Amino acid sequence: MIALLFAVLTVTMGLNYYGRTTVANTLFFITLALSAYWLKFHATSQLTIQL
């Protein structure tokens, strides 16, 4: 999931570089929402070891 977030942010930076700011801003806010989801549901869950 983290790799996906970094990939989407890289695409966002590329779109901003080429002047597609509207699409880049939309993608950036989608990435922020995905980051919040990842933090709430995955990063804060208890670690369980299946033995």
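Right above here is the structure, for reference.
First, a word on scope: everything that follows refers to the structure included in this document. This is a predicted model, so every value here is computed, not measured.

### Regarding the packing of aromatic side chains
To describe a pair of aromatic rings, you give the distance between the ring centres and the angle between the ring planes. Applying the stated criterion across every chain, the model contains two aromatic pairs. Here Tyr17 and Tyr18 contribute two aromatic rings whose centre-to-centre distance is 5.1 Å and whose plane-to-plane angle is 80 degrees, an arrangement assigned as edge-to-face. Here Tyr17 matches Tyr18 in class, with each residue exposed. Relative to Phe29, the ring of Phe28 lies with its centre 5.6 Å away and its plane at 65 degrees, an arrangement referred to as edge-to-face. Assessed through its relative accessible area of 33%, Phe28 is described here as partly exposed.

### Focus: helix α1 (residues 2-17)
The end-to-end C-alpha distance of α1, which contains 16 residues, comes to 23 Å, matching closely the 22 Å that a straight helix rising 1.5 Å per residue would cover. The set of residues buried in α1 consists of Leu5, Val8 and Thr12. The buried residues of α1 all sit within an arc of 65 degrees when viewed along its axis, so they share a single face. Set apart from the buried face of α1 by more than 90 degrees, the exposed residues are Ala3, Phe6, Met13 and Tyr17. In the segment just after α1, Gly19 is the residue with positive phi, at about 85 degrees.

Definitions and cut-offs
Residues numbered from 1 in each chain as written. Predicted model: local features only at pLDDT ≥ 70, side-chain atom pairs only at ≥ 80, totals over all residues. Heavy atoms only, no water. Phe/Tyr/Trp six-rings, centres within 6.5 Å; stacked < 30°, edge-to-face > 60°. Buried < 20%, exposed > 50% of the residue type's maximum accessible area, 1.4 Å probe, protein only. Helix = DSSP H or I, 4+ residues; strand = E, 2+ residues; numbered from the N terminus. Expected span 1.5 Å × (residues − 1). Arc of directions from axis to C-beta.

Take it as geometry only, folks, not as evidence of what the structure does.
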